[in-house]
Amino acid sequence: MQTISFYRKRIVKVFLFSIIIITIPINTYRFNSVSAINLSNEKEKDRLIMENYNFKNVLENMLPVEKKTLFEEENRGYDKDKNEIKTYPLKKVISKGVDVEFKKIYDNPQYSRPIYTSDWKDFWFRDWVYFPKKVSEASHNIFIYPLGASSAFDFEGSLGFNEGIFYDAHKYINILIYNFKVEYIKQYKNQIILIGKPTRKGAEIISILQDNLLLEGEKEKECIFQLSTKGGYVLDHIYGGVINYKYLKELIEKNSVSSRLPEEEDYMDIEEKKKSLEELRMENLQLKKKLSYYIPLGENLIITNKNCKIGYNNIEYDKENIKTAVDKGDNISFAIKYSDSRYKRPIYDPSWKENYKLGWAYMPTKLCQYMHKLFVIPKDKEKEKNLMGSLAFDEKYRGLSKDEVGLLVYNFQIKRVVRFKDRIILLGEPKKIGCSIISIKEKNLTKGINYIFQMITLDNEEIDAKYLYCLN
């Protein structure tokens, strides 16, 4: 069995014969003074032509051609075909389903997901930097390893998951899971439930023998894999095919690379060669300046969600567990400013490109946003407008008064709000879609306290959290 690390090294070596990507920090050149370099002018021209070619392609291939809002479809793809798998209530699956044997071939409770890696820019021709894809990936925590070295290379590269894990994609179905600890697995017909506890960080790879998921005589079938709390609340899902190992061996074909690699002639466009060195330098600076609004510049960068300003990465507490806080806390009233159970969060909106100078299309920030479902609405009207714009939320909602704290909540139906010490607990049920805005009167909050807002399932599992710094 060959490993992904082996395939990665082999494929990268092939790439390096076809493409050399050299970047320099954005401040290497300045408009009014150019640093001296030891290369001849001709060599520098060739380097700049190549670098500019890649920068242009990153910008062109990062955003969709469509000038319309894009949404993720039911099957987590971009087509409108729906899977016809019948699903059953989770409590029924958990009570009547059979136990599924599995093993964890990777378990790192401290793992933090990348929100940017410079590999995404370098492999623009394989769609690693394509905005709708990046945003869609960020909004999910469960993924299935594909079959084939090329597909696996794209899978791990696009996620920035470069842990070099040994796995067998033929006999086993391998499931990468973020921010969740799997404790046991149940199967009921075509429904596979991975049951456990949501966490604030971490990654696991669950490996299941595919033949164990098939009935006797079954060669293959489509299944839905769901992440669920012990109380039966679904947090995420993915569709995937299961196939008998012997049958797969009969069908298997070598997986080939579909993306065209850039050729040297692409860089050396005749019109580009006509440009002077100064023109190429100026173009290089302009491209870098524009690109810096979308992605960080530089090489060998890996930025993780530890750097997110959004969410709960720096929130610490263990004074009381959640159940105790809910039981001891006080119910407080809340007002609904907006609610739409059919709302679908966009994975791309043209306004992001139109307002890129405001940071709406900065990839690390965008991925941070889509890794979270809870947002505190700023009191400053300009900041409120900027937040809603960057989230592509343009629905009309009742305005917030000066004595209210507003919360924007995705994919979650709030049932109760409980206050316990410095915690405001939003109790409710996770949903596939939907959005709401609620408000809480400031009189229910104590000035000088840094409150933590927590989204909690009805079986007391946290799925998101956000700081509200103390009121004045």
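Residues numbered from 1 in each chain as written. Predicted model: local features only at pLDDT ≥ 70, side-chain atom pairs only at ≥ 80, totals over all residues. Heavy atoms only, no water.

Caption draft 1: Examining the overall build of the protein more closely. Per the secondary structure count, the protein includes 14 helices and 20 strands. Burial status across the protein gives 52% buried among its 472 residues. Considering only intrachain contacts with a sequence separation of at least 6, the fraction spanning at least 24 residues in the protein is 77%. (Helix = DSSP H or I, 4+ residues; strand = E, 2+ residues; numbered from the N terminus. Buried < 20%, exposed > 50% of the residue type's maximum accessible area, 1.4 Å probe, protein only. Contact = heavy atoms within 4.5 Å.)

Caption draft 2: Inspection of the packing of helix α2 (residues 41–62) against helix α10 (residues 277–291) at higher detail. Axis separation between α2 and α10 bottoms out at 9 Å; the angle between their running directions is 30 degrees. Taken together, the axes of α2 and α10 are roughly parallel relative to one another. Handedness of the crossing formed by α2 with α10: left-handed. In this structure, α2 contributes Asn41, Glu44, Lys45, Leu48, Ile49, Glu51, Asn52, Phe55, Lys56, Val58, Leu59 and Met62 to the contact, and α10 contributes Leu277, Leu280, Arg281, Glu283, Asn284, Leu287, Lys288, Lys290 and Leu291. (Axes fitted to C-alpha atoms, helices over the stretch in contact; angles between N-to-C directions. Parallel < 35°, antiparallel > 145°, perpendicular 65-115°, else oblique. Left-handed = near helix turned anticlockwise from the far one by under 90°.)

Caption draft 3: Expanded view of helix α13 (residues 363–370). Taking burial as the measure, the eight residues of α13 include seven buried ones, the bulk of the element. Among the residues of α13, Met363, Pro364, Lys366, Leu367, Cys368, Gln369 and Tyr370 are the ones counted as buried.

Caption draft 4: Structural view of the environment of Ala335. Take Ala335: it is sitting in strand β14 (residues 335–340). Separated by 104 residues in the primary sequence, Ala335 and Ser439 have C-alpha atoms spaced 5.2 Å apart. Apart from residues no more than four positions distant in its own chain, Ala335 is found in contact with Ile437, Ile438 and Ser439.

Caption draft 5: Summary view of the state of the cysteines. With the rule as written, the count across this model stands at one disulfide. Covalently, Cys308 is tied to Cys368 through a disulfide, its sulfur atoms 1.9 Å apart. Handedness here is read from the sign of the S-S torsion; for Cys308 and Cys368, about -90 degrees, the answer is left-handed. Taken as a pair, Cys308 in the loop between β12 (302–304) and α11 (322–328) and Cys368 in helix α13 lie far apart in primary sequence, 60 residues in all. For the pair shown, Cys308 and Cys368 are each scored as buried. (Disulfide = S-S within 2.5 Å.)

Caption draft 6: Spotlight on helix α5 (residues 131–138). Judged by how many residues are buried, α5 sits mostly within the fold: seven of eight residues are covered. All of the buried residues in α5 are Phe131, Pro132, Lys134, Val135, Ser136, Glu137 and Ala138.

Caption draft 7: View of the pattern of salt bridges. For the structure on display, the rule yields 24 salt bridges. Taking the shortest distance from any N to any O, the salt bridge between Lys221 and Glu218 comes out at 3.5 Å. According to the relative accessible area criterion, Lys221 is buried, its value standing at 12%. Relative accessible area serves as the criterion here: at 26%, Glu218 is assigned to the partly exposed category. Between Glu278 and Arg281 there is a salt bridge whose closest N-O contact spans 2.9 Å. Placement of both Glu278 and Arg281 in helix α10 is noted, with a separation of three residues, approximately one turn of the helix. The exposure class assigned to Glu278 is partly exposed, which follows from its relative accessible area of 48%. (Salt bridge = Lys/Arg side-chain N within 4 Å of Asp/Glu carboxyl O.)

From the geometry alone we can't say anything about function, so treat these as descriptive.
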